[in-house]
Structure formats: structure tokens, C-alpha cells
Amino acid sequence: MFSFILRRILILIPVYIGLTLSTFSLIRMVPGDVVEVMMGEKAVDPAVHAAAMKRLGLDQPLPVQYFNYLKDIFSGNFGQSFRDRSPVLDDFFSHFVPTLELALCAIVIASVLGVTLGILAALRRGTWLDYTLMSGALAGYSMPIYLLGPILTGLFAHYLGWLPVSGVISVFQFLDVKPLYGSWLLGSLTSGQPGAFIDVVKHFILPAIALSTIPLAMIARMTRSAFLEVLGEDYVRTARAKGLSPARVVLVHVMRNALITVVTVVGLQMATLLAGAILTETIFSWPGVGTWLLEGFHNRDYPIVQNGILLVATALMLVSLLVDILYGLINPRIRHA
């Protein structure tokens, strides 16, 4: 098992280096002068402009800048923001934790409902229940977040008034709750105010549901396909011929072999949620890493964009590594592949 994990880690090294080169190069292809965007009219003075370029290290040739960038990364230095000089690593964690919490809530909803609905559809193949569930999954997969988000806020926030419209602003303003280690959930739990945690959970509901819709549909459809494939295998028919109960056949003989596909889909969807929650965060005014990166991109803040994307990619690689390890635990034959 150790050699299996080591091989997977070694594969990630060239991917990581390639990612540093991609982020470094692509951000510098965006039109616009960094100093002019950051300083505005003050950058008109050539002396001020040149001094700012030197202070930021942008007056050096690109190969030298990239070498310095790599040197800082591998020494654990992720730099400071060009605009406010705040450490990028601290800013990243303060924004990534809300994104991680939202993604975890969404993937739990998607996994529990998706796997359950997929199993039901597979066991009732060809019935009205199967058609209804898969039609609903197709509708959920086809519903874009920029349409679903306003529908949810319009219905549950504006019309019914059950849930807050967006963000965690009401918690910060009215309950005097601040995030603990970037976590609003922990901050509300340690605030000493009983209503704080409930209010934070209410703010999670709409964005988590909106974010979970597409993964839920994908997991449901893939779970159904995986179970149908396994249900047609000879060893399943043999188990049934021996007189084993349907529950034992499904839980013992079908579930474990179908789990590899399910774990794959759940792992990929979790990675997608971490990397692609920016639209949901924008619609619901969520203080996550997506909005932070978008703001850094608009400001041409190279350290935020370069290192922020790199840190998000690191989290995605860890998710991918975890999925590979789960493969090896579920099916030991994969460890020798």
C-alpha cells in the first residue's frame, strides 16, 4: 500500500510544476499594467511607476521572475498581495475555509441523495419510479446555477421569507459573530449565542442546495449505471440462486463492486465544487475563495492569482490522492496496477 501511495505522489510532482508554469504565464498574458491598475493616476509619473515595478520585482526578465517564484513556492513563501501587502497564505485560508464548508455541505447532500436515488432507480429498472428519478436527475443536471440560484432566492427568501438571501452578512452585523480560523460554523458555535449557529446554518442552505444540484444528478445517474452493470454479473445471479436475501445480495455482493465508480464520481464532483464554486459564491455573496480570486484577477494582483490557484490545485490534488487511496482500499487489485 505504501508503494502504491508513493507512486501516486510522484505522479503529482510534474503536474504541480506544470501548473506553476501555466499560472505564471497566463496571468501575464492578461492586458493591462499592474502598477496602473493598482495606483491609478499616481502611476502616471515615470519615476513612481519604475519604483513600483522594482519594488514588486516586475522589472526583471520573465525567466528570473519565474525562478524566484518557484524558489519562494518550494520554500513555503506564497508572497504578499500587491495591493494591501497582506500574506497570501493567510488570505487564502480565510476564504478557502468558507468555500470548503460550502462544498462539503453540497457534496454530502449530493452523495446521500444521489446514491440513494441511483440505487432505487437501478433496483426498479424500467418502472415509473426509474423514469421519474432519472428524468429529475436530467432536469437537475440541465439546470444552470445562474438560473437555479435566483429561483431559490426568489422563492424561499423573497416570497416565503424562510431563508436569508445571501452571504453571512446578517451574522456579522447583527449577531456580532466573526469567523474562527475562517470558519463561520466554528465562529457561531463558539460565540455563546444560541441563535448564531442556527442563523449560519440558514445561510448555508440555499447555496448548498444550488451547488449540489448538478453533482447530485451526476452521482444518481452514475450510481444507477454502476449498479445495473454489477447486477448483471454471474456471481450476483449465483448469489440469488443460492437463496440469499435481496438485501444481502445488494449490500454484500453488489455494493462493494459498484462503489469504485461511485467513489470516482464523488471525488471528481468534490474537486469540481472546490474549483468551480465561484458562480454560486457570486450569486449568494459568499465570502469564498472564488470571489477572492476574481477580485485579485480584476486588480492584476499576481501573488493572489498565481498562488491562490496553486493552493486550490493543491487541494484538488489531495482530493485526487484520497480517491486513489480509497480505490486501493476498496479493491486491493488496483494497488498492483
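As recorded in an unreviewed UniProt entry, the chain goes by the name Dipeptide ABC superfamily ATP binding cassette transporter, permease protein, listed as coming from Neisseria shayeganii 871. Check the Subcellular location (unreviewed entry) section of the UniProt entry for the chain; it says "Cell membrane". Per UniProt, the chain has the following entry under Sequence similarities (unreviewed entry): "Belongs to the binding-protein-dependent transport system permease family."

Let us look at the packing of aromatic side chains. Scanning the entire structure with this criterion turns up seven aromatic pairs. With a centroid separation of 6.4 Å and an interplanar angle of 55°, the aromatic rings of Tyr 66 and Tyr 69 are classed as tilted. Of the two residues, Tyr 66 and Tyr 69 both sit in helix H4 (residues 62-74), three residues apart, roughly one turn of that helix. A residue is classified by how much of its surface remains accessible, and Tyr 69, at 7% relative accessible area, is buried. Through pairs of rings, three or more aromatic residues link up here, namely Phe 92, Phe 93, Phe 96 and Trp 292.

Right, let's get into the layout of surface pockets. In this model, the largest pocket occupies a volume close to 460 Å³. Along the wall of the largest pocket there are 23 residues; nearest its centre are Leu 56, Asp 72, Gly 79, Phe 82 and Pro 303. When residues of the lining of the largest pocket are traced back to their parent elements, those giving at least two are helix H1 (2-28), helix H3 (46-56), H4 and helix H15 (302-330). Here the lining of the largest pocket takes six residues from H4, the largest share from any one element. Considering only residue class, the lining of the largest pocket consists of nine nonpolar, nine polar and five charged. Each of domain 1 (33-76) and domain 2 (91-332) accounts for three or more of the residues forming the lining of the largest pocket.

What counts as what
- Residues numbered from 1 in each chain as written.
- Predicted model: local features only at pLDDT ≥ 70, side-chain atom pairs only at ≥ 80, totals over all residues.
- Heavy atoms only, no water.
- UniProt positions renumbered as here; feature names shortened; annotations may be inferred.
- Phe/Tyr/Trp six-rings, centres within 6.5 Å; stacked < 30°, edge-to-face > 60°.
- Helix = DSSP H or I, 4+ residues; strand = E, 2+ residues; numbered from the N terminus.
- Buried < 20%, exposed > 50% of the residue type's maximum accessible area, 1.4 Å probe, protein only.
- 1 Å grid on protein atoms, 1.4 Å probe; cavity = no way out; pocket = protein on both sides within 12 Å on 5 of 7 lines; lining within 4 Å.
- Points joined across faces, edges and corners; volume = space filled by probe spheres on them.
- Nonpolar A, V, L, I, M, F, W, Y, C, P; charged D, E, K, R; others polar.
- Domains from an automatic or database assignment.

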